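# Notes for the structure review
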Amino acid sequence: MSVPANVPILTSEAMRAAEAACAASGVSLSELMDRAGAAIADIAWRMAAGSPILILCGPGNNGGDGYVAARLLAERGAEVRVAALADPATELARAARALWTGAVEPLDRDLAPAALIVDALFGVGLSRPLPYELIENLQSLAGRRVLAVDVPSGVASDGVRDWSPPLPADVTVALGALKPAHVLLPTAPHCGQVLLARIGIDAGGTMRTLPSVSSTKPDVAAHKFSRGMVLVRAGPMPGAAGLASAAALRAGAGYVVLSGSDHAPFSAIIAEDGAGYADRLGDARIGAVIVGPGYPVSDALDDDVMAALDAGKPLVLDAAAIAAALPRLHQLDGAVPAILTPHEGEFARAFPGLSGSKIDRALAAAAFAQAVVVYKGADTIIAAPDGRVVAAWPGSPWLATAGTGDVLAGACGAMLARGGDAFDAAVAAVGWHIARAARIGPGLVADDLVADDLVRECND
Ligand SMILES: NC(=O)C1=CN([C@@H]2O[C@H](COP(=O)(O)OP(=O)(O)OC[C@H]3O[C@@H](n4cnc5c(N)ncnc54)[C@H](OP(=O)(O)O)[C@@H]3O)[C@@H](O)[C@H]2O)[C@@H](O)CC1
Ligand SMILES: Nc1ncnc2c1ncn2[C@@H]1O[C@H](COP(=O)(O)OP(=O)(O)O)[C@@H](O)[C@H]1O
Ligand SMILES: [K+]
């Protein structure tokens, strides 16, 4: 499973607007369909490697793409058959169907499979769950290689959960831009390897996949404070704050202070008792404060969060600190840069009653808090109050173990303390986290993410 790095993601509404803009600029929809069909034919040709291909065409333009691909594959000498669910229902699909000179078989339970199935039944126009009979017929084709056109049919492309079980794809060719369903659970795993066929649509916009991680060297004139100073406030479970402080240092902070704990994981971390917290908050050199790791709901947490908010420092708020800070953050209306890092349970507690896809909910939360939200999970979404979104699918499943969220909070603190945009900082931290987890792989425990043998390996 993979998606291309740093490419646009569009909802169906945004896709239709991009399509209209394209038409207004002189590129017809028929030209777009030809390009889409050509991209699919190209990939199908390589996937089939000489074996027979069966293309399943639906009634809309997704089916139209299928007819174009069928014609181009036949012209190249591929052994290709077409099966249709219904007659074409759009002008474009009818025109594409008319140029296909081969037979069109009915898509029913007697349909013979082929080594490669191209699923061109439904794309962004799916408006309701698939009929039960079609689901059954598709299931009888499972087990072959499957290439999905735009999205596996049955998947609601905007990433809401009203979907039907699709024929899982080995490869999905996203047309013009990725769609939310390619990067969100539960649909993303059904898309297999997602490739982007650009087809000439201007898909600029505010949502993208995670960019590749680039390692940046410190400025030649850097000193420890210019690289960013991070203050981590420990709660009653000091191990978590220890992980966050170690991660802040490993992620590039020049100076890390751990307040309220003597469990500093490295000698380079300045561990202090909690009494100096207020003074530290007043230290002009501190570029980011982290509160929340290992700090359950309590009056002490509320006090520490409020003190950090009053100090006006850029903040990383994790776990129970998110809900504790929320009313005040909302009032502050973005005056204090903040990154919130909830997992599913913490998100539901802090932002109850939101609906829509995980992207919609992350955006609504960011807008309410006027803060960057890193909505964690296998399909982590980073959302900014101004509408920017980065989707981090697929992360590393080895991260599904206790303490890795504390490490992420530490990395967010390091990136935020450098100065600059909080959204960019959160994106860099999530990329750092996933890249390190991917290097470690099996057996990962949170401590490995900040261990020195990994640092040596990363520097090799
Ligand atoms: N964006 C671009 O730039 C480009 C997009 N292109 C392609 O166009 C695709 C979008 O095409 P599209 O809008 O025609 O919709 P599509 O997905 O074919 O389905 C609509 C049809 O299915 C029907 N239908 C819906 N749900 C159903 C159900 N559960 N069960 C049964 N029927 C159902 C629906 O009927 P209705 O809801 O009207 O009753 C309608 O007839 C896009 O994904 C991409 O592949 C490329 O050609 C080039 C450039
Ligand atoms: N299946 C998964 N695939 C990728 N990343 C995951 C998966 N499960 C969890 N993660 C990541 O691991 C981290 C876990 O954070 P969290 O649940 O807060 O753990 P903790 O509170 O124990 O530190 C998050 O960054 C999350 O995105
Ligand atoms: K499809």
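Provided above is the structure to which this section pertains.
Sequence order as written defines the numbering, with residues in each chain counted from 1. Chain letters start at A and ligand numbers start at 1, both assigned in the order the entries are written. For this predicted model, a pLDDT threshold of at least 70 governs which residues receive local features, and a threshold of 80 or more governs which side-chain atom pairs are given and counted, while totals over whole chains, interfaces and linings are taken from all residues. To get the side-chain values, all heavy atoms of the structure are used, and hydrogens and water are removed first.

## Brief notes about the overall build of the protein chain
Numbered from the N terminus, helices here are DSSP runs of H or I no shorter than four residues, and strands are runs of E no shorter than two. Helix and strand content of the protein chain: 14 helices and 17 strands. Put simply, the radius of gyration uses C-alpha atoms, and a globule should come to 2.2 Å times the residue count raised to 0.38. Its C-alpha atoms give the protein chain a radius of gyration of 25 Å, within 12% of the compact-globule value 23 Å for 460 residues. Seen through its principal axes, the protein chain has C-alpha atoms that stretch 80 × 45 × 40 Å. Partly exposed describes any residue whose relative accessible area lies between the buried limit of under 20% and the exposed limit of over 50%, with all areas from a 1.4 Å probe on protein chains only and scaled to the type maximum. Buried residues in the protein chain amount to 53% of all 460 residues. Taking the contacts inside the protein chain whose residues are at least 6 apart along the sequence as the reference set, 68% of them involve residues at least 24 apart. In this description, accessible areas are obtained by the Shrake-Rupley approach with a 1.4 Å probe, and a residue is regarded as covered only by the protein chains that are shown. Per element, the accessible surface of the protein chain, about 18800 Å² overall, is 53% carbon and sulfur. Contacts were defined at the residue level, with two residues in contact if any of their heavy atoms lie within 4.5 Å.

## Here we look at the coordination of the potassium ion (ligand 3)
Metal-coordinating donors are taken as N, O and S atoms lying within 2.8 Å of the metal, or within 3.2 Å when the metal is Na, K or Ca; because water is left out, some sites can appear incomplete. Only Asn62 (OD1), Asp119 (O), Phe122 (O), Val149 (O), Val151 (O) and Ser153 (OG) from the protein reach the potassium ion (ligand 3) as donors, at distances of 2.6 to 3.0 Å. In these descriptions, tetrahedral denotes four donors with every angle between 85 and 135 degrees, square planar four donors and octahedral six donors with opposite donors over 155 degrees apart and the rest between 65 and 115, and irregular any other case. Between the six donor atoms coordinating the potassium ion (ligand 3), the angles at the centre fall across 68 to 171°, so the site counts as irregular. When the donors of the potassium ion (ligand 3) are listed by position in the chain, the intervening gaps give N-x56-D-x2-F-x26-V-x1-V-x1-S. A single burial state applies to Val149 and to Val151, both of which are buried.

## Examining the packing of aromatic side chains
Aromatic rings from Phe, Tyr and Trp, with only the six-membered ring used for Trp, were paired whenever their centres fell within 6.5 Å, and each pair was classed as stacked if the ring planes differed by under 30 degrees, edge-to-face if by over 60, and tilted otherwise. Counted by the stated rule, this structure contains three aromatic pairs. Each residue in the set Phe347, Phe351 and Tyr375 is aromatic and connected to the rest through ring pairs, giving one cluster. Throughout this description, the term charge over a ring refers to an Arg CZ or Lys NZ atom that lies within 6 Å of the ring centre and within 35 degrees of the ring normal. Seen from the ring of Tyr277, Arg233 lies directly overhead, with NZ or CZ sitting 4.1 Å from the centre. Lys358 extends its terminal NZ or CZ atom over the ring of Tyr375, reaching a point 4.4 Å from the ring centre.

## Structural notes on the site of ligand 1
Definition of nearness: a residue and a molecule or strand are near each other if at least one heavy atom of the residue lies within 4 Å of the molecule or strand. Around ligand 1 there are 24 residues in total, and Glu19, Asp65, Gly123, Arg128 and Asp150 lie nearest to it. With respect to ligand 1, the side chain of Asp65 contributes an N or O atom lying 2.5 Å from an oxygen atom. In the environment of ligand 1, an oxygen atom lies 3.0 Å from a nitrogen or oxygen atom belonging to the backbone of Gly125. Burial of ligand 1 by the protein chains amounts to 82% of its free accessible area of 940 Å². Polar contacts, as counted here, are pairs of nitrogen or oxygen atoms within 3.5 Å of one another; within protein the pair requires one atom able to donate a hydrogen and one able to accept it, and residues that are adjacent in sequence qualify only if both atoms are side-chain atoms.

## Observations regarding the sheet that holds strand β5 (residues 145-149)
In this description, strands pair whenever DSSP reports at least two bridges between them. Pairing is parallel across the open sheet formed by seven strands, whose spatial order is β3-β2-β1-β4-β5-β6-β7. The open sheet has two edge strands with one neighbour each: β3 (104-106) and β7 (193-197). When strand polarity is set aside, the average angle formed by the axes of neighbouring strands in this sheet is 25°. As judged from the four bridges shared by strand β4 (residues 116-120) and β5, these two strands associate in the parallel manner. When the sheet's bridge partners are listed, Leu116 is paired in β5 with Arg145. On the sheet, helix α3 (residues 61-75) packs against β1 (53-57), β2 (80-84), β3, β4, β5 and β6 (171-175) and is oriented at approximately 155° with respect to β1. Axis lines are fitted to C-alpha atoms, over the contacting stretch for helices. Their N-to-C directions set the angle, which ranges from 0 to 180 degrees.

## Topic: the sheet that holds strand β14 (residues 338-341)
Pairing is mixed in the open sheet, where ten strands are placed in the order β8-β17-β16-β15-β14-β13-β12-β9-β10-β11. Because the sheet does not close on itself, it has two edges, and the strands there are β8 (207-209) and β11 (270-272). Between one strand axis and the next, the sheet turns through 15° on average, direction left out of account. Relative to strand β17 (residues 389-391), β8 is paired through three bridges, and the arrangement is parallel. Bridged to Thr209 within β17 is Ala391.

## A look at unusual backbone geometry
A cis amide bond links Leu185 with the next residue in sequence, Pro186, at an omega value of 0°. Relative to the assigned elements, Pro186 resides in the loop between β6 and β7. Between Trp393 and Pro394 the backbone carries a cis peptide bond, its omega angle lying at -15°. Assignment of secondary structure puts Pro394 in the loop between β17 and α12 (404-417). We note that Ile199 has phi near 45°; this positive angle belongs to a residue other than glycine. Take Ile199: its relative accessible area is 12%, and that puts it in the buried class.

## Remarks on the environment of Ala426
Checked against the element boundaries, Ala426 lands in helix α13 (residues 422-440). Note on Ala426: relative accessible area 0%, which makes it buried. Between the C-alpha atom of Ala426 and that of Ala14, which follows or precedes it by 412 residues, the distance is 25 Å. With sequence-adjacent residues up to four places away left out, Ala426 is seen in contact with Ile339, Val372, Val374 and Ile382.

## A look at the pairing of β5
By the criterion of burial, β5 is predominantly enclosed, with four of the five residues buried. By convention, orient the strands away from the viewer: a clockwise path from the first strand over the helix to the second makes the crossover right-handed. The parallel pair β4 and β5 is bridged by helix α5 (residues 132-139), and the resulting crossover is right-handed. Alignment of β5 against β6, held across three bridges, turns out to be parallel. Opposite Ala148, over in β6, you have Thr172 as the bridge partner.

## Examining the site of ligand 2
Lys376, Gly377, Ser396, Gly403 and Gly405 are the nearest of the 17 residues found near ligand 2. Here an oxygen atom of ligand 2 sits 3.2 Å away from a polar atom, N or O, in the side chain of Thr380. Asp406 places a main-chain nitrogen or oxygen 3.1 Å from an oxygen atom of ligand 2. In isolation ligand 2 exposes 580 Å². Once the protein is present, 78% of that is buried. The biggest single contributor to the shell around ligand 2 is α12, with four residues. In the shell around ligand 2, the residues fall into six nonpolar, nine polar and two charged. Gly is placed with the polar residues, together with every amino acid not listed as nonpolar (Ala, Val, Leu, Ile, Met, Phe, Trp, Tyr, Cys and Pro) or charged (Asp, Glu, Lys and Arg).

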